[in-house]
Number of protein chains: 2
Amino acid sequence: MSELTTPHDHGQALERELEHVPSVENFQTVADVFKQMGDGSRARIFWLLCHCEECVINLSAMVNMSSPAVSHHLKQLKAAGLIVSRREGKEVYYRAADTPQVQLLHHMIEHLMELACPNEFV
Amino acid sequence: MSELTTPHDHGQALERELEHVPSVENFQTVADVFKQMGDGSRARIFWLLCHCEECVINLSAMVNMSSPAVSHHLKQLKAAGLIVSRREGKEVYYRAADTPQVQLLHHMIEHLMELACPNEFV
DNA sequence: AAAACAATTAAATAATCATTTAACTATTTG
DNA sequence: CAAATAGTTAAATGATTATTTAATTGTTTT
């Protein structure tokens, strides 16, 4: 089945190490989730929505961006299933979705922040 | 200090929830790490290098891409500190760096794969 | 030293994507 | 019903980026 043939054989027993290589599609699916956090503004908005529920203009003020720009990011996060929304009168409130994926991403952001930004947590 | 003022006050005690909001720079730093995994091909190459050490042409064959394209991704992963390389004769061998960040990312990929690609693990 | 092989770099192309401005929809209030 | 407020959508722009092709560098072998 998954016979991995490479141009060079360096005798490292490739087959032992790489018994099950996930498909290209699986890596693309995972990459699409990572891509959501690959933009600083979007990661920031997502993180905020893990900590509070907010409407668009408040979010815009918090991240210092125009509301169309924020709306654009919210649309992507929602399409990715990372946030949910509810309308209350004129306002639409957004918050993080309650899923294992979201918890994993949230935890990951905070963990990565500790590792990559050590000065921040003295 | 971090007095968060928003256009609307919906009385949700924002200050309680958001005592310490990381800086824009910190989110950008974290996003830059995520960005590395935001490309399917690069995530795949990184994952492979978490499981074995390989030279460029073998990697190219494994991911079915041209060697310049692979080299391009390797350069980025290396600049991000996620992989290391060593030359042995004509070949340059790459492997994942031995750091907490790398372990976290690797674990995250596999965890996310289980969550987002359930059919793959029956 | 020349030929062959491995890898990187450079230039060019195509595609993706974040942001802005402007127009539009939806809801509430006077 | 008109005005005001909140949010979204569309078109346009600018920036970033993945990939290809071609040229170049580094190493080994004959």
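Thresholds applied
- Residues numbered from 1 in each chain as written.
- Chains lettered and ligands numbered in written order.
- Predicted model: local features only at pLDDT ≥ 70, side-chain atom pairs only at ≥ 80, totals over all residues.
- Heavy atoms only, no water.
- Near = heavy atom within 4 Å.
- Polar contact = N/O pair within 3.5 Å; in protein donor to acceptor, adjacent residues only side chain to side chain.
- Helix = DSSP H or I, 4+ residues; strand = E, 2+ residues; numbered from the N terminus.
- Nonpolar A, V, L, I, M, F, W, Y, C, P; charged D, E, K, R; others polar.
- Buried < 20%, exposed > 50% of the residue type's maximum accessible area, 1.4 Å probe, protein only.
- Lys, Arg positive; Asp, Glu negative; His and termini not counted.
- Salt bridge = Lys/Arg side-chain N within 4 Å of Asp/Glu carboxyl O.
- Pairing = 2+ DSSP bridges.
- Contact = heavy atoms within 4.5 Å.
- Axes fitted to C-alpha atoms, helices over the stretch in contact; angles between N-to-C directions.
- Expected span 1.5 Å × (residues − 1).
- Phe/Tyr/Trp six-rings, centres within 6.5 Å; stacked < 30°, edge-to-face > 60°.
- Least-squares fit on C-alpha atoms with pLDDT ≥ 70 in both.

Draft legend 1. Structural detail: the protein's contact with DNA strand C. As a matter of local geometry, DNA strand C sits amid 25 residues, with H8(A), H73(A), I57(B), S71(B) and Y94(B) nearest to it. Put simply, 82% of the atoms of DNA strand C that lie within 4 Å of the protein are in sugar or phosphate. Between DNA strand C and the protein, one listed contact pairs a phosphate oxygen with a side-chain N or O atom of H73(A) at 2.4 Å. Broken down by secondary-structure element, the contributors of at least two residues to the surface near DNA strand C are α3 (40-51) and α5 (67-79) of chain A together with α4 (56-63), α5 (67-79) and β3 (91-96) of chain B. At five residues, α5(A) tops the list of elements feeding residues into the surface near DNA strand C. Grouping the amino acids of the surface near DNA strand C by side-chain chemistry returns nine nonpolar, eight polar and eight charged.

Draft legend 2. Spatial organisation of the side chain of R44(B). Checked against the element boundaries, R44(B) lands in helix α3 (residues 40-51). Buried charge without a partner: R44(B) forms no salt bridge, and the closest opposite charge is E25(A), 8.3 Å away.

Draft legend 3. Up close: the sheet that holds strand β3 (residues 91-96) of chain A. All names here are of chain A. Pairing is antiparallel across the open sheet formed by three strands, whose spatial order is β1-β3-β2. Two strands close off the open sheet at either side, each with one partner strand: β1 (54-55) and β2 (83-88). In the sheet, β1 pairs with β3 via two bridges, with the strands oriented antiparallel. What sits directly across from C55, in β3, is Y93. Contacting β1, β2 and β3, α3 runs over the sheet at an angle of about 90° to β3.

Draft legend 4. Up close: the protein's contact with DNA strand D. Taken together, the neighbourhood of DNA strand D is formed by 25 residues, with I57(A), S71(A), Y94(A), H8(B) and H73(B) sitting nearest. Contact distances for DNA strand D include 3.3 Å between a phosphate oxygen and a side-chain N or O atom of S66(B). One nitrogen or oxygen atom from the side chain of H73(B) is found 2.4 Å from a phosphate oxygen belonging to DNA strand D. The element contributing the most residues to the surface near DNA strand D is α5(B), with five residues. Here the residues of the surface near DNA strand D sort into nine nonpolar, eight polar and eight charged.

Draft legend 5. Representation of helix α6 (residues 100-116) of chain A. For α6(A), with 17 residues, the first-to-last C-alpha span of 24 Å sits near the 24 Å given by 1.5 Å per residue. Those residues of α6(A) lying buried are Q101(A), V102(A), L104(A), L105(A), H106(A), M108(A), I109(A), L112(A) and M113(A). Check the buried side of α6(A) and you find it contacts α2 (24-36), α3 and β3 of chain A together with α2 (24-36) and α6 (100-116) of chain B.

Draft legend 6. Spotlight on the packing of aromatic side chains. Tallied over the entire structure, the rule returns three aromatic pairs over all chains. When the centroid spacing of 5.9 Å and the interplanar angle of 40° are considered together, the rings of F34(A) and F34(B) count as tilted. One end of the pair, F34(A), is in helix α2; the other, F34(B), is in helix α2, on a second chain. The exposure class of F34(A) is buried, given its relative accessible area of 0%. With a centroid separation of 5.7 Å and 65° between ring planes, the pair formed by W47(A) and F27(B) is classed as edge-to-face. Highlighted residues: W47(A) in helix α3 and F27(B) in helix α2, drawn from two different chains. Look at W47(A) and you get buried, because its relative accessible area is 3%.

Draft legend 7. Representation of the relation of the copies chain B and chain A within the structure. Note on the identical chains: chain B maps onto chain A by a rotation of 180° and an axial translation of 0.0 Å, with an RMSD of 0.0 Å. What the superposition gives is, in effect, a two-fold axis relating one chain to the other. The fraction of interface residues of chain B whose copies in chain A are also interface residues reaches 100%, indicating that both copies meet through the same surface.

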